[in-house]
Amino acid sequence: MTQVCLVVGAGAGIGGSVGRRFAAAGYHAALCRRSDAAGLDQRVSATRSPGGSATRATLNAVEAGTIEDRVAQTEDQIGPIRVAVYNLGAQIGHRPLETISDKVFERCWQLGTNGLFRLAKALCPRMAARGEGTIIVTSATAAVRGN
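All of these numbers come straight from a predicted model, not from anything done at the bench.

Participant: Sorry, what's going on with the side chain of N87 here?
Facilitator: Checked against the element boundaries, N87 lands in the loop between strand 4 (81-86) and helix 4 (102-130). Within the structure, the side chain of N87 is placed 2.9 Å from the backbone oxygen of G9, a separation counted as a polar contact.

Here it is, written out as structure tokens:
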């Protein structure tokens with residue numbers, strides 16, 4: 001049975017690197033991101049080139065049902081998700097608090113908190129039924145970025 005590492009937020013940095021690392025360890029890397037299909041294709045190619053297994057899916061984590069559908073489709077079509085990596089953050093830059101609108105704050109909350117809650121709600125019962133599974137949360141949202 002294929003073990004899957006689902007990466008939500010598989011960009012060129014942390015998410016893509018973690019997916020590639022799990023694929024090198026024998027997992028199928030199910031890489032997801034919201035936009036930049038060409039960049040996502042590059043991540044899949046980079047994961048497959050040394051012999052890893054990977055697929056891609058675009059996913060907007062703030063849209064209702066998208067995370068839940070991705071969990072169900074991945075498990076139905078590929079295999080059980082043994083590891084999920086939630087690597088989403090708003091990455092709004094270094095802005096003074098007074099310049100952040102309510103709408104921007106809400107989007108940050110949707111990505112950083114609500115999306116993770118929905119992933120856990122969709123995936124934890126499946127993991128519990130199997131008696132195993134891990135969810136890893138990464139993101140540079142709370143950190144000062146190098147750029």
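So that's the structure; there's more coming.
Participant: Hey, could you run me through the state of the cysteines in this one?
Facilitator: A covalent bond bridging the sulfur atoms of two cysteines is what the word disulfide describes. Counting across every chain of the model gives zero disulfides. C5 provides the cysteine sulfur closest to C32, a residue in no disulfide bond, and the two sulfurs are 10 Å apart. C32 gets classed as buried once you look at its relative accessible area, which sits at 1%.

Participant: For this particular structure, what's the right way to read the pattern of salt bridges?
Facilitator: Side chains carrying opposite charge are able to pair once their charged atoms draw close together. Counting across every chain of the model gives six salt bridges. The closest approach of N and O atoms between E68 and R118, which form a salt bridge, is 2.8 Å. Pair noted here: E68 is in helix 3 (residues 66-77) and R118 is in helix 4, with a separation of 50 residues, a long-range link. You can call E68 partly exposed: its relative accessible area is 26%. Two residues, E75 and R130, come together in a salt bridge whose shortest N-O distance is 2.8 Å. Here R130 lies in helix 4 and E75 lies in helix 3, a separation of 55 residues in the sequence. The class for E75 is buried, based on a relative accessible area of 13%.

Participant: Please explain helix 3 as it appears in this structure.
Facilitator: Think of an α-helix as 3.6 residues a turn; residues three or four steps apart then line up on the same face. With twelve residues, helix 3 extends 16 Å from end C-alpha to end C-alpha; this agrees with the ideal 16 Å at 1.5 Å per step. If you check which residues of helix 3 are buried, you get T66, I67, V71, T74 and E75. Down the axis of helix 3, the smallest arc covering the buried residues is 160 degrees, so these residues share one side. The exposed set on the far side of helix 3, more than 90 degrees from its buried face, consists of D76 and Q77. Taken together, the buried residues of helix 3 touch strand 1 (4-8), strand 2 (28-33), strand 4 and helix 4.

Participant: Is there a simple way to explain the confidence of the model for the protein in this structure?
Facilitator: Low-confidence regions, as indicated by low pLDDT, have predicted coordinates that should not be scrutinised in detail. Here the protein averages 90 in pLDDT, and 93% of its residues register 70 or above. The weakest mean pLDDT in the protein belongs to helix 4 at 93; the strongest belongs to helix 3 at 98. Counting interchain partners and residues more than four positions distant, the pLDDT-below-50 stretch residues 142-147 has two contacts.

Participant: How should the packing of aromatic side chains be read in this particular structure?
Facilitator: For any pair of aromatic rings, the description rests on two quantities: the centre-to-centre distance and the angle between the ring planes. Per the stated rule, a full pass over the model turns up one aromatic pair. When the centroid spacing of 5.1 Å and the interplanar angle of 90 degrees are considered together, the rings of F22 and Y27 count as edge-to-face.

Participant: Help me out: how do you make sense of helix 4 in this one?
Facilitator: The end-to-end C-alpha distance of helix 4 is 40 Å, a good match for the 42 Å that 29 residues give at a rise of 1.5 Å each. If you look at helix 4, its biggest bend is around 40 degrees, right at Q110. Among all positions of helix 4, only L111, G115, R118, L119, A122, L123 and M127 are buried.

Participant: Could you clarify how one ought to interpret unusual backbone geometry in this entry?
Facilitator: Most peptide bonds adopt trans geometry, and most residues besides glycine take a negative phi value. If you check the backbone angles, D36 has positive phi at about 60 degrees while not being a glycine. Within the secondary structure, D36 is located in the loop between strand 2 and helix 2 (37-48).

Participant: Can you help me understand the nonpolar core in this one?
Facilitator: One recurring pattern in soluble globular proteins is that nonpolar side chains are buried together. Membership of the largest hydrophobic core comes to 19 residues, with the highest contact counts inside it found for L6, V71, I81, L119 and L123. Breaking this core down by element, the ones donating at least two residues are strand 1, strand 2, helix 3, strand 4 and helix 4. Looking at this core, the element that brings in the most residues is helix 4, giving five residues. If we skip the residues at most four places from it in the chain, L6 touches A30, C32, R70, V71, T74, I81, V83, A84, V85 and L119. If you look at the next biggest cluster of nonpolar residues, it comprises 13 residues, including A10, L40, A54 and V85.

Criteria and thresholds
- Residues numbered from 1 in each chain as written.
- Predicted model: local features only at pLDDT ≥ 70, side-chain atom pairs only at ≥ 80, totals over all residues.
- Heavy atoms only, no water.
- Helix = DSSP H or I, 4+ residues; strand = E, 2+ residues; numbered from the N terminus.
- Polar contact = N/O pair within 3.5 Å; in protein donor to acceptor, adjacent residues only side chain to side chain.
- Disulfide = S-S within 2.5 Å.
- Buried < 20%, exposed > 50% of the residue type's maximum accessible area, 1.4 Å probe, protein only.
- Salt bridge = Lys/Arg side-chain N within 4 Å of Asp/Glu carboxyl O.
- Expected span 1.5 Å × (residues − 1).
- Arc of directions from axis to C-beta.
- Contact = heavy atoms within 4.5 Å.
- pLDDT = per-residue confidence, 0-100.
- Phe/Tyr/Trp six-rings, centres within 6.5 Å; stacked < 30°, edge-to-face > 60°.
- Bend = angle between axes of the 7 residues up to and from the residue.
- Core = buried A, V, L, I, M, F, W, Y, C linked by side-chain atoms within 4.5 Å.

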